[in-house]
Amino acid sequence: MIGSLRGVLLEVHAGFCLLEVGGVGHVVRSAPGTLSRLTAGNECFLYIHDVVREDARELFGFLERGELELFERLLGVNGVGPKVALTLLSAGS
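Residues numbered from 1 in each chain as written. Predicted model: local features only at pLDDT ≥ 70, side-chain atom pairs only at ≥ 80, totals over all residues. Heavy atoms only, no water.

Caption draft 1: Representation of the overall build of the protein chain. Scanning the protein chain from terminus to terminus reveals three helices and five strands. Secondary structure of the protein chain in N-to-C order comes out as β-β-β-α-β-β-α-α. Over its C-alpha trace the protein chain gives a radius of gyration of 13 Å, about what one expects of a compact globule, namely 12 Å for 93 residues. If you line up the protein chain on its principal axes, its C-alpha atoms span 40 × 30 × 20 Å. Every one of the 93 residues in the protein chain was classed for burial, and the buried ones make up 35%. Contacts in the protein chain between residues far apart in sequence, at least 24 positions, make up 43% of those at least 6 positions apart. Carbon and sulfur atoms form 52% of the exposed surface of the protein chain, whose accessible area is close to 5,500 Å². The positive charge centre, built from 8 side chains, and the negative charge centre, built from 11, are 3 Å apart in the protein chain. (Helix = DSSP H or I, 4+ residues; strand = E, 2+ residues; numbered from the N terminus. Rg over C-alpha atoms; globule rule 2.2 N^0.38 Å. Buried < 20%, exposed > 50% of the residue type's maximum accessible area, 1.4 Å probe, protein only. Contact = heavy atoms within 4.5 Å. Areas by Shrake-Rupley, 256 points an atom, 1.4 Å probe, with all protein chains shown as cover. Lys, Arg positive; Asp, Glu negative; His and termini not counted. Charge placed at Lys NZ, Arg CZ, Asp CG, Glu CD.)

Now the structure itself:
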């Protein structure tokens, strides 16, 4: 499991960013509020929630530990998956 990543932010897009760590580019999904605070070309540190499924692996990134903890609590709600949890995080401050 990946707990955090530090590297150079290559690109910022709607819904995700591309973070290069040790020569490997990682697609990291984040809430719009998080992505708006990121700038391509800068070094970046993100707390990571790593989702491994049978058919995919996704990384979800957060600038603050509290955001990550809230995201993980939302995942504990029946019927709430990672994408819904991100949507809920982006709805409030």
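Read on, since the account is not over.
Caption draft 2: A look at the pattern of salt bridges. Using the criterion set out here, one finds seven salt bridges in the structure. Between Arg37 and Glu64 there is a salt bridge; the shortest N-O distance is 3.2 Å. Remark: Glu64 occurs in the loop between strand S5 (57-62) and helix H2 (65-75) and Arg37 occurs in the loop between helix H1 (32-35) and strand S4 (43-52); sequence separation between them is 27 residues. On the basis of relative accessible area, Arg37 is assigned to the partly exposed category, the value being 48%. (Salt bridge = Lys/Arg side-chain N within 4 Å of Asp/Glu carboxyl O.)

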